[in-house]
Amino acid sequence: MKTLIEPFKIKMVEPIRQTTEAQRLTILKKAHYNPFTIRAEDILIDFLTDSGTGAMSDAQWGAIMTGDEAYAGSRSFFQFEKAVRDITGLKHIIPTHQGRAAEKILFSLVGGKGKLIPNNTHFDTTRANIEYSGAEAVDLVIPEGKIPSCVHPFKGNMDLGKLAAFLAKHHKSVPIGMMTVTNNSGGGQPVSMENIRETARLYRKYKIPFFLDVCRFAENAWFIKIREKGYAKKSVLEIAREMFSYADGCTMSAKKDGMVNIGGFLALNDDALAMQARNLLILTEGFPSYGGLAGRDLAALAVGLYEALDEDYLRYRIRTAEYMGERLLAGGVSIIRPTGGHAVYIDAKAFYPDIPPAQFPGQVLACELYKKGGLRGVEIGSVMFGKNATMELVRLAFPRRVYTQSHFDYAIEVILETFADRKKAKGLKITWEPPFLRHFTARFAPVGK
Ligand SMILES: *Cc1c(COP(=O)(O)O)cnc(C)c1O
């Protein structure tokens with residue numbers, strides 16, 4: 001059959017509230033042209049993030065009811081630990097309430113002034129936590145990874161030549177080396193197994209521990225299966241295990257490929273570092289057998305990690321992004337190509353060639369999509385990264401197992417209608433901003449007002 005169906009049935013529904021374009025314009029003005037500050041009830045289709053927004057399965061809800069809420073030594077913790085160890089092979093498994101909590105603990109221990117931490121591309125919270133510690137976050141993705149229209153099967157790959165040169169010069173200042181799979185900030189683009197292996201080899205040459213940011217490890221493993229030579233016959237679980245086998249540790253936001261609404265972990269092999277991490281965990285997150293989560297959250301996560309590795313699910317998920325990408329390209333909209341795992345990224349610079357980066361074309365597009373059809377996406381460009389921005393994008397990230405084919409068809413229509421009206425759009429200026437992670441709360445106004 002040519003039709004690929006959602007590999008699940010719907011057992012519980014949540015209504016979507018309809019709004020008119022006039023209502024949405026009022027809402028947008030009240031939100032200071034920052035879709036982050038719009039109430040979720042006022043959104044029709046919410047593509048703000050795929051983080052913590054997924055639908056849990058009946059098996060996960062079942063596990064929730066079996067959660068053991070003991071403060072210490074909870075049965076749910078051991079289920080969670082067993083699942084994470086089975087998939088990652090890592091020794092110490094430390095739960096946290098989400099990914100950035102794992103990052104905060106890790107970088108509090110290894111970061112600090114004068115330290116440099118390379119990655120293909122640091123995600124915004126990773127960069128912020130590194131910089132907050134006083135260290136510097138360095139992005140070394142391959143050049144293809146920075147060109148939206150450039151088609152490459154593994155655009156998230158590390159530039160190995162650049163990394164080798166960087167380490168030759170700075171290795172004494174590098175406490176850990178990183179790699180993000182898939183490369184979220186670069187368009188949800190995968191990293192090849194060969195590149196993970198070679199990156200690990202370079203770090204190992206200087207005895208630098210290698211940490212993977214594995215928020216989307218299952219999606220990355222699926223891309224390796226379908227795109228990299230020699231992996232077609234391997235299961236996604238086997239591929240994931242090989243990816244982890246090259247790492248000394250990882251940080252995870254389980255709100256992504258953990259298929260849960262809250263959760264994360266730090267996993268690592270180093271005994272001394274794990275001891276220090278657990279001590280910090282007790283200070284900031286909670287006892288090491290719950291790390292800021294309820295026992296039921298850990299139980300749902302233990303199930304969710306395997307559901308994320310289900311191949312029917314991954315085929316449907318990756319194909320959804322690809323389908324939207326094909327239709328947008330056919331309509332003349334530039335996107336990051338090929339489409340990544342969890343999102344479609346619209347190239348706002350190409351969408352609005354007359355709006356300069358200083359007037360935030362990505363933010364403009366995010367606002368226009370909301371006004372036109374109640375879609376919510378997020379700017380990834382000059383608002384999020386300031387002067388470090390290499391592209392002006394709007395990310396439409398897809399909650400896991402939440403929206404159906406017709407939701408996607410509607411979203412595509414909204415984007416194409418917004419594209420037809422592109423000449424009418426005006427740039428934005430910032431009227432207020434906070435000191436860190438400004439994209440969450442910054443306020444904007446149309447230029448010329
Ligand atoms: C989401 C994300 C994080 C941070 O995780 P949170 O759960 O949002 O704190 C870190 N790295 C990447 C690549 C992410 O996508």
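As shown above, the structure is provided for reference.
Residues numbered from 1 in each chain as written. Predicted model: local features only at pLDDT ≥ 70, side-chain atom pairs only at ≥ 80, totals over all residues. Heavy atoms only, no water.

Draft legend 1. Representation of the pairing of strand β8 (residues 264-268) in the model. Among the five residues of β8, five are classified as buried, and the element is accordingly described as predominantly covered. Side chains Gly264, Leu266 and Leu268 project from β8 onto one buried face, and the interleaved Phe265 and Ala267 project onto a second face that is buried too. The pairing of strand β2 (residues 92-96) with β8 spans five bridges and is classified as antiparallel. Looking at the pairing, Pro95 lines up with Phe265 of β8. Both strand β7 (residues 249-253) and β8 contribute to a ladder of five bridges, which runs antiparallel. (Buried < 20%, exposed > 50% of the residue type's maximum accessible area, 1.4 Å probe, protein only. Helix = DSSP H or I, 4+ residues; strand = E, 2+ residues; numbered from the N terminus. Pairing = 2+ DSSP bridges.)

Draft legend 2. Representation of the packing of aromatic side chains. This structure, assessed with the given rule, holds 17 aromatic pairs. When the centroid spacing of 5.7 Å and the interplanar angle of 90° are considered together, the rings of Phe47 and Tyr403 count as edge-to-face. Of this pair, Phe47 sits in the loop between β1 (45-46) and α2 (58-65) while Tyr403 is found in the loop between β12 (393-397) and α16 (405-420), placing the two residues 356 residues apart along the sequence. Take Tyr403: its relative accessible area is 11%, and that puts it in the buried class. Plain terms: the ring middles of Phe77 and Phe78 are 5.3 Å apart, the flat faces sit at 75° to each other, and that makes the pair edge-to-face. With a relative accessible area of 8%, Phe77 lands in the buried category. (Phe/Tyr/Trp six-rings, centres within 6.5 Å; stacked < 30°, edge-to-face > 60°.)

Draft legend 3. Molecular detail of the sheet that holds β2. The five strands are arranged β2-β8-β7-β6-β5 in an open sheet whose pairing can be described as mixed. The sheet is open, and its two borders are formed by β2 and β5 (177-180), each paired with just one other strand. Each adjacent strand pair in this sheet contributes to an overall mean axis angle of 15°, direction not counted. Here helix α4 (residues 99-110) sits on the sheet and contacts β2, β5, β6 (210-213), β7 and β8; the angle it forms with β7, its principal contact strand, is near 145°. With respect to the sheet, helix α10 (residues 271-284) is in contact with β2, β6 and β8, its orientation differing from that of β2 by roughly 20°. (Axes fitted to C-alpha atoms, helices over the stretch in contact; angles between N-to-C directions. Contact = heavy atoms within 4.5 Å.)

Draft legend 4. The side chain of Arg395, seen in detail. When you line up the elements, Arg395 lands in strand β12. A polar atom in the side chain of Arg395 sits 3.1 Å from the backbone oxygen of Leu48. A polar contact is formed between the side chain of Arg395 and the side chain of Asn184, at a distance of 3.1 Å. In contact with Arg395, not counting residues within four places along its chain, are Phe47, Leu48, Thr49, Asn184, His342, Ala343, Val344, Tyr345, Gly377, Val378 and Ile380. (Polar contact = N/O pair within 3.5 Å; in protein donor to acceptor, adjacent residues only side chain to side chain.)

Draft legend 5. Seen up close, the site of the ligand. In the region of the ligand, 15 residues are neighbours, and Arg100, Asp213, Arg216, Ser253 and Lys256 sit closest. Contact distances for the ligand include 2.7 Å between a nitrogen atom and a side-chain N or O atom of Asp213. Here Arg216 contributes a side-chain N or O atom positioned 2.8 Å from an oxygen atom of the ligand. For the ligand, the protein covers 97% of the area, taking 380 Å² as the surface of the free molecule. (Near = heavy atom within 4 Å. Areas by Shrake-Rupley, 256 points an atom, 1.4 Å probe, with all protein chains shown as cover.)

Draft legend 6. Region of the structure containing a nonpolar patch on the surface. Together, Tyr71, Ile282 and Phe287 make up an exposed nonpolar region whose accessible area comes to about 320 Å². In this structure, Phe287 sits in the loop between α10 and α11 (295-307). (Patch = residues over 30% accessible without salt bridge, like charges linked within 9 Å, V, L, I, M, F, W, Y side chains within 5 Å. Salt bridge = Lys/Arg side-chain N within 4 Å of Asp/Glu carboxyl O.)

Draft legend 7. Quick look at the packing of helix α3 (residues 75-88) against helix α9 (residues 236-245). Where α3 contacts α9, the two axes come as close as 7 Å, and the packing angle between them is 80°. As judged from the angle between their axes, α3 and α9 are roughly perpendicular. Judged by residue contacts, Asp86, Ile87 and Thr88 of α3 engage Leu237, Arg241 and Phe244 from α9. Looking at the contact of α3 with α9 residue by residue, the classes come out as three nonpolar, one polar and two charged. (Parallel < 35°, antiparallel > 145°, perpendicular 65-115°, else oblique. Nonpolar A, V, L, I, M, F, W, Y, C, P; charged D, E, K, R; others polar.)

Draft legend 8. Representation of the sheet that holds β12 in the model. Spatial ordering of the open sheet is given by β9-β12-β11, a layout of three strands whose pairing is antiparallel. Strands at the two margins of the open sheet, each flanked by one partner only, are β9 (343-347) and β11 (378-380). Recorded for the sheet is a direction-independent mean angle of 35° between the axes of neighbouring strands. Relative to β12, β9 runs antiparallel, the two being bridged by five bridges. Paired with Ala343 across the bridge in β12 is Ala397. Strands in contact with helix α12 (residues 311-330) are β9 and β12; relative to β9, the strand with the most contacts, it is inclined by about 25°.

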